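Listed below are the residues making up each chain.
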Amino acid sequence: MSFEPLLLSAYSTVSALGHGRASALAALRAGRSGLRPCDYDEAGLDTWIGRVDGVEDVALPAALAPFDCRNNRLAALGLESDGFAAAVAAARARYGAARIGVFIGTSTSGIEATEQAYRRRGGTEGPLPASFDYRHTHNTFSSADFTRRYLGLEGPALVISTACSSSAKVFATASRHIRAGWCDAAVVGGVDSLCLTTLYGFNSLELVSHQPCRPWDAARDGISIGEAAGFALLERPAGRDGVALLGYGESSDAYHMSTPHPEGEGALLAMRAALDCAGLEPGQVDYINLHGTATPSNDRAEDRAVTRLFGTAVPCSSTKGWTGHTLGAAGITEAVFGCLAVEQGLMPGSLNTGQIDPQLSAPLLRETVQRPVRVVMSNSFGFGGSNCALILGRQP
Amino acid sequence: MMRVNIESIGLVAPGLPGWEAAQEVLRGERALEAESAPVFRPTLLPPNERRRTTALIKLALQTAEDALARSRHPMAELASVFVSAEGDGEIVDRICTALTLPDRPVSPTHFHNSVHNAPAGYWAIASGSQRFSTSLAAGADSFAAGLLEAAAVAALEQVPVMLLAYDYALPPALAGRGYVDAVFGVAMILTADEAPGLTPLSLELATGSAVPPPLPPELAVLRAHNPAAAALPLLTALARRGSATLTLPCHDGQTLRLGIER
């Protein structure tokens, strides 16, 4: 049985490019990066970050005060962008609160709250501050629990946390829940926020660039960490037009915890599975939004996988130079870029890429171009070898 | 209503060291010796990889091994759903402590073990399975959420899947602040295939709240301190080897109805 497309009937994005789709689109058209020298907290690292303005000023509804942390404030920005919460309220009236599921991807959840609690502890022993609410801020389920309460939904709810593929894989799990009849529609999304754990963690692995990240560049030397929130409402099209999820593919590398298979085996399996799920041939894809983190080994492995499956025929780009690597929110952020590509007839360029690595051969777009786009593949690959490819486009 | 088949079960918890030994306890034929903490010696990983892992990762892999011992499927053919309400508290504690020290010396090994899907990553390396794996969390109802996803994978994607729900007690600094204060791991290999010796399981998600099924006091304590132990009523019914119906609560307003038909 081929996959029944699911319409993205509403969607939102908040990233370093700004709040909402219009801000993202304006930046993509103007060639304006969201990256800036690291000014997060007192991180003191010589690197660039994709920071969202205004997170500190968000006030959560009083009833959700226990959830207050940077990650859930960022989620609230995403829920209020692009009329998303209002669209979900209308869907709730149509389906009933119990028939809409919530599937959110995050890698570090609200860990900043725990980092701050440990710093306020004074030494490495003794109790953490009594005011610290671990369960509602940092616990992995927090962002889905927050989202379902914020939107007044009562359907199945869970967080998927598979590092940088998290908020791509929510589309697959939500699709299964709808097909299974566990729910009729689903809020999918991703939210990951800046924290010292990821800044110093990636730094310890020597994967952080001192410059704005340069995907596919001969001199690329690591990622720029970003933060983002994004959401989409998935439902059966019922005759409506719009951008739909046409298929998904998931796989595991089974190779190494933090390094991809050198020939991109796992990535290839995920992309192939997505095409099979959508019932499409490689030649029917118009544009590939790469995972493209700008580490030497990630881009090399992805280039191998893409060229093994697509040859050099399908234009590709990485949007990490615009937003930074938003980790658990990368899947939804780039799925939204895929929707914008189809709706606006636009392929974002790979910002900051100077001289393309002569060892890489996927046809990389360096400039944003206006061109009709019908079908997009969006790649997301994470630590632990967790891979997911999504296919988005106009319904056939 | 969805139907799948349970092929095999794995169980690791205090006084429940493996499914074979645990069944007598679950049937009430032998008392639970809850003081006997399980010893983790998973053999799936080579020693050099095992040294880099944590108690949570060892718990997950040992629980998987117990289920694999009675599975007909080669482990490389299994998709997987990893369910942990808390993730790795030991790693959180170490990283957050390191971030309070001069120069913030976060260990690269701790960082790559910090991802919620670290046990799934080690599992993939050990099993050689390139099938997809999902790592999720759903608070107190994590087991029910994982069972729904795993059943959907088996029935809709038509691949055998290992559901693995496990949580390890939080370290002292975080104790009492989360969902977990006890050790518990359960594995179930689910398949859409029909074959002799499999146990049929039906699942139905309904609106309306449910009261958790009753358990003997010593097992109820375990369930109160570890979301993975929400599996205990189902495991008890499976150990009794008869037909059964039971309900699991799911996020306040929903009920997961399970049926075993023998």
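Scope of this entry: the structure provided in the associated data block. (Residues numbered from 1 in each chain as written. Chains lettered and ligands numbered in written order. Predicted model: local features only at pLDDT ≥ 70, side-chain atom pairs only at ≥ 80, totals over all residues.)

With that settled, the discussion passes to the overall build of chain A. Summing up its helical and strand segments, chain A has 12 helices and 16 strands in all. Its C-alpha radius of gyration of 20 Å places chain A within 12% of the 21 Å reference for a compact globule of 396 residues. For chain A, the spread of C-alpha atoms along the principal axes amounts to about 60 × 50 × 40 Å. Within chain A, counting contacts between residues at least 6 apart in sequence, those at least 24 apart form 79% of the total. (Helix = DSSP H or I, 4+ residues; strand = E, 2+ residues; numbered from the N terminus. Rg over C-alpha atoms; globule rule 2.2 N^0.38 Å. Contact = placed C-beta atoms within 7 Å.)

A separate point is the packing of helix α3 (residues 55-68) of chain B against helix α6 (residues 118-127) of chain B. Residue and element names in this part refer to chain B. Running from N to C, α3 and α6 cross one another at 50°; their axes reach a closest spacing of 9 Å. On the basis of the axis angle, α3 is oblique to α6. In this structure, α3 crosses over α6, and the sense of that crossing is right-handed. Here L56, I57, A60, L61 and A64 of α3 come into contact with α6, specifically with A118, P119, Y122, W123 and A126. (Axes fitted to C-alpha atoms, helices over the stretch in contact; angles between N-to-C directions. Parallel < 35°, antiparallel > 145°, perpendicular 65-115°, else oblique. Left-handed = near helix turned anticlockwise from the far one by under 90°.)

What follows deals with the nonpolar core. Counting residues in each nonpolar core, the largest one holds 232 residues, and the members touching the most others are A274 and L390 of chain A together with L163 of chain B. A per-element tally of this core places helix α7 (residues 142-157) of chain B first, with 11 residues. (Core = buried A, V, L, I, M, F, W, Y, C linked by C-beta atoms within 7 Å. Buried ≥ 20, exposed ≤ 12 C-beta atoms within 10 Å, placed from the backbone.)

All names here are of chain A. Strand order in the open sheet formed by 3 strands is β3-β4-β8, and the pairing between neighbours is mixed. Of all strands in the sheet, those bounded by a partner on one side alone are β3 (36-37) and β8 (225-226). In terms of strand pairing, strand β4 (residues 48-50) meets β8 through 2 bridges, oriented parallel. Bridging from a neighbouring strand, G50 pairs with G226 of β8. (Pairing = 2+ DSSP bridges.)

Let us look at the packing of helix α7 (residues 166-180) of chain A against helix α12 (residues 330-344) of chain A. Residue and element names in this part refer to chain A. Running from N to C, α7 and α12 point in directions that differ by 75°, and their axes come no closer than 5 Å. Regarding the angle of α7 to α12, the classification is roughly perpendicular. Here S166, S167 and A168 of α7 come into contact with α12, specifically with A330, G331, I332 and A335. Its residues placed into classes, the contact of α7 with α12 shows 4 nonpolar, 3 polar and no charged. (Nonpolar A, V, L, I, M, F, W, Y, C, P; charged D, E, K, R; others polar.)

Taken together, the contacts link 52 residues of chain B with 50 residues of chain A. Those elements that place two or more of their residues in the side of chain B that touches chain A are α4 (89-98), α5 (108-113), α6, β4 (133-137), α7 and β7 (199-207) of chain B. With 6 residues, α7 of chain B is the single largest residue contributor to the side of chain B that touches chain A. Among the residues forming the side of chain B that touches chain A, the class breakdown is 26 nonpolar, 21 polar and 5 charged. Here strand β6 (residues 157-160) of chain A runs beside β4 of chain B; their pairing, made up of 2 bridges, is antiparallel. Counterpart to I160 of chain A in the pairing with β4 of chain B is L136 of chain B.

Residue and element names in this part refer to chain B. Taking 1.5 Å as the rise per residue, α3 with 14 residues should run 20 Å; its terminal C-alpha atoms sit 20 Å apart, in good agreement. Burial within α3 is extensive, with 11 of its 14 residues counted as buried. Every buried residue of α3 is listed here: L56, I57, K58, L59, A60, L61, Q62, T63, A64, D66 and A67. (Expected span 1.5 Å × (residues − 1).)

Residue and element names in this part refer to chain A. Looking at the element boundaries, D357 is found in the loop between β13 (346-347) and β14 (369-370). The class for D357 is partly exposed, based on 19 C-beta atoms found within 10 Å. The spacing of D357 and P296 is 61 residues in sequence and 9.8 Å in space, taken between C-alpha atoms.

Moving on: unusual backbone geometry. Residue and element names in this part refer to chain A. Even without being a glycine, E206 presents a positive backbone phi close to 55°. With respect to the helices and strands, E206 occurs in the loop between α8 (196-204) and β8. For E206, a count of 10 C-beta atoms within 10 Å translates into the label exposed. For A294, which is not glycine, the phi torsion reads 85° and is therefore positive.

Moving on to the environment of D57 of chain A. The residue D57 of chain A is located in the loop between β4 and α2 (70-80) in this model. In this structure the C-alpha to C-alpha distance between D57 of chain A and Q211 of chain A, which are 154 residues apart in sequence, comes to 28 Å.

On a regular strand, one side chain projects to one face of the sheet and the next to the other, so that they alternate. Residue and element names in this part refer to chain A. Summarising burial for strand β9 (residues 228-235): 8 of the 8 residues are buried, a large majority. Looking at chain direction, strand β1 (residues 6-15) and β9 are connected through 7 bridges and run antiparallel. Within β9, the position partnered with V14 by the bridge is A229. With 8 bridges connecting them, strand β7 (residues 185-192) and β9 associate as antiparallel partners. Residue pairing in the sheet places G190 in a bridge with G230 of β9.

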